[in-house]
Amino acid sequence: MRQQLNWRGAALGAVLLLNLVATAQGPATHDVRPGYGITHLAWLSDYFPPLRGTPGDTRIYILDSGVPGGTALVLGGTHGNEIAGVLASIVLVERATPVQGRLIVIPHANNAVHGYPDPRCASCGPWVTLQGPEGAARSFRYSPRLTNPSLQSPDPETYVHPSGLSFPGEEARNLNRVYPGLPGGTLTEQIAYAITRLVIKETVDYVFDLHEAGPSSRLAHTLVCHPRALALGAIAVIDLELEGVRMKLEPSREEFRGLSHRELGDLTSALVFLIETPNPGQEPGLESPDVVADPHYPIEQRVGIHLELTMRILAIGNQLRLQPVVVTGVPTYREIIKTGVSAWLNW
Amino acid sequence: MDRRVLTIVLLVFVAALVGVAGPVFNVGFSSGTEPSWAAATGTWQVADGQLRGENGRVLFPVQVGAGRRVEATIASLAGEWAAVVAKYQDENNWVEVRIMNAGVLLVTRTGGLERTWNQAIASTFPATLTLAFSGSKARVLVNGNPVLEAADPAWETMLGAAGVAVRGQAAFSQFHASSFAGPVLITSLGRSPGGLMAKVLAERAGLVHDYIEGAQPSDLRSVQTLILVLGASSKGLGAAGISLDDELARGRALIAEARRQGLAVVVMHIEGEPRRGALSDALITEFTPQADYVVVKADGNADGLFTTLCQAHGLPLRTITATAEAAEVMVDLFSLWR
Ligand SMILES: [Zn+2]
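We now turn to the structure provided with this report. (Residues numbered from 1 in each chain as written. Chains lettered and ligands numbered in written order. Predicted model: local features only at pLDDT ≥ 70, side-chain atom pairs only at ≥ 80, totals over all residues. Heavy atoms only, no water.)

### Quick word on unusual backbone geometry
1) Next: For the bond running from Tyr 179 of chain A to Pro 180 of chain A, omega is 5°, close enough to zero to count as cis.
2) Next: Mapped onto the elements, Pro 180 of chain A comes out in the loop between strand S9 (166–168) and helix H3 (187–201).
3) Next: A cis amide bond, omega 10°, links Phe 125 of chain B with the succeeding residue Pro 126 of chain B.
4) Next: Tracing the sequence through the fold places Pro 126 of chain B in the loop between strand S8 (113–120) and strand S9 (127–134).
5) Next: Despite not being glycine, Thr 203 of chain A shows a phi value in the positive range, around 40°.
6) Next: Within the secondary structure layout, Thr 203 of chain A lies in the loop between H3 and strand S10 (206–213).
7) Next: A positive phi is found at Lys 87 of chain B, a non-glycine position, where the angle reads about 55°.
8) Next: For Lys 87 of chain B, a relative accessible area of 0% corresponds to the buried category. (Helix = DSSP H or I, 4+ residues; strand = E, 2+ residues; numbered from the N terminus. Buried < 20%, exposed > 50% of the residue type's maximum accessible area, 1.4 Å probe, protein only.)

Okay, here's the thing in structure tokens:
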């Protein structure tokens, strides 16, 4: 472990340790092949410089139409094993074209989850492969849910969110428990802080945080909405059912402190949504789940739900005369279940 | 059960069988109480929760004018047709929609002159047959799906009784006549987002409404109908600092006030199976029997709870398969189709 400090601040013990490790290894890289829609590349550390050069930094893809309108932010990979959200984000980066307003995509919101075995699924990861045309293949990281413990340890006995709410200690490494984040906090808290800064600085109007859950979990097939976003979510869920997809609608409650949809929604004017699709890799007790080609929950279905709901909510917002964000080139649910995810990637 | 055959001559009814609540008239046949009503023609008996008729017509004490809908659930048909009757004045003046195995036939007789409209459909039983009027127009629905529209200027002013009729033998499990009207107050009992979904759908249906998540009896001002959307989650209630008992009490108070004012009450459960469970079921069991009309999404009634409650209380139950269809139900119930 190399000892090197690349930034100064009111660093506490844990923060200090984290940065020692962090600089030993930069951000993980990924196979993302931006399409014509991408107008700018950025780093999460652009919004919080102390993350620069650390495994917590991550690529940000900006699709700016140049036409005045609203801004939507899509977060994939808040949890490293929730691969449908990652792949949906990558489809946006590779295929979406902005027509009005801006779309900002972070395919790996927590990029510090890689490089250790998934404690919840021994046979899952560390890569999943999608087949393309003419024998081509692309591999995407399938990593655990939480920040790599070697980058942030030890876990506290109990993680106490600044709101006073407490969680089991390991949740200190869960990006979706530590919002709005802390500039002088743990690596995970700093990532959350940087995302919060981005939402504020870019005056984001919509946030979509893409997740997955075990198929038998109450959460699978759920759209969680900040209360200000609930009416929009209701319309989307009602309409999506007519496409053959049943989603539960849940408002984000007071007790969801630390979660993106609660904190970002309370702290900013953004309409915040969290989408959960079913991932067999997260089902407790499954022997060797196929996280891509499960017969009941194939990846195209899950990616399709993320993309369709995101685009639908933006379209409904446009109809309701909210800040318009118009994006084309994104497959509908029906299109992607027919063709598979690969057909919507760049090869 | 007493299977005494009733041959009926006059128009009488038994209060125990009939829920007269303002704009709504419901008759079920499963109360076990023997009716002592009268009917125009044929042979009728009540047995096993059904009204069984042969070659005749029964009329109920409800008048159908320009803005009413009449519906009956036909459990089985052995014979030519079963029908819903409306605007019956005498043998020469009435409207009737008949369902047969291969279609529906709308017949109107005014001053002894008959007009008919027909539509071929493949009928299966049980089937709910609805005849709805709006001014000079009429609409026929089978299981909530519009199958026929017609117009006759005579219907605008024609007023008469409603009932059911049969040629051959048929069994009816439910009769309902209503003239639901807006504006409505929509509230959720159990604080699930179903209430907000109903609001979105009311907007879509063009139904004038107010949506108040935690509506109180004092909010029942200048409305004609109360829509209660049932569905609870422990998280929802817990987070709002509300107990199940609070919601039960609020629901009781709302219904009491609605009844005091003579308002109609529609109960909906439109979020399906995920919105069932102990808390939701407590609300469903308490409030479904007090409705004038019940709407449920099919997967929320997979265990038949709503069917059982509605049958036991003689209430019409409308089943939808997707939440969005609740907008169509509103269009139908509140005659927004004209
Ligand atoms: Zn997640």
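### A closer look at the coordination of the zinc ion
All names here are of chain A.
1) Next: Protein coordination at the zinc ion: the donors are His 79 (ND1), Glu 82 (OE), Glu 82 (OE) and His 211 (ND1), at 2.0 to 2.5 Å from the metal.
2) Next: Around the zinc ion, the four donor atoms are arranged such that angles at the metal cover 58 to 154°; this shape is classified as irregular.
3) Next: Each donor residue of the zinc ion lies on the same chain, and together they follow the pattern H-x2-E-x128-H. Placement of the pair is Glu 82 in the loop between strand S3 (71–75) and helix H2 (83–95) and His 211 in strand S10, with a sequence separation of 129 residues.
4) Next: Residue His 211 is classed as buried on the basis of its relative accessible area of 2%. (Donors = N, O, S within 2.8 Å, 3.2 Å for Na, K, Ca; no water. Tetrahedral: all angles 85-135°; square planar, octahedral: opposite > 155°, others 65-115°.)

### Quick notes on the packing of helix H4 (residues 230–241) of chain A against helix H1 (residues 194–205) of chain B
1) Next: Where H4 of chain A contacts H1 of chain B, the two axes come as close as 9 Å, and the packing angle between them is 75°. Viewed along their axes, H4 of chain A and H1 of chain B adopt a mutual orientation that is roughly perpendicular. Contact residues: H4 of chain A offers Leu 230, Ala 231, Ala 234, Ile 235, Val 237, Ile 238 and Asp 239 of chain A, while H1 of chain B offers Leu 196, Met 197, Val 200, Leu 201 and Arg 204 of chain B.
2) Next: Its residues placed into classes, the contact of H4 of chain A with H1 of chain B shows ten nonpolar, no polar and two charged. (Axes fitted to C-alpha atoms, helices over the stretch in contact; angles between N-to-C directions. Parallel < 35°, antiparallel > 145°, perpendicular 65-115°, else oblique. Contact = heavy atoms within 4.5 Å. Nonpolar A, V, L, I, M, F, W, Y, C, P; charged D, E, K, R; others polar.)

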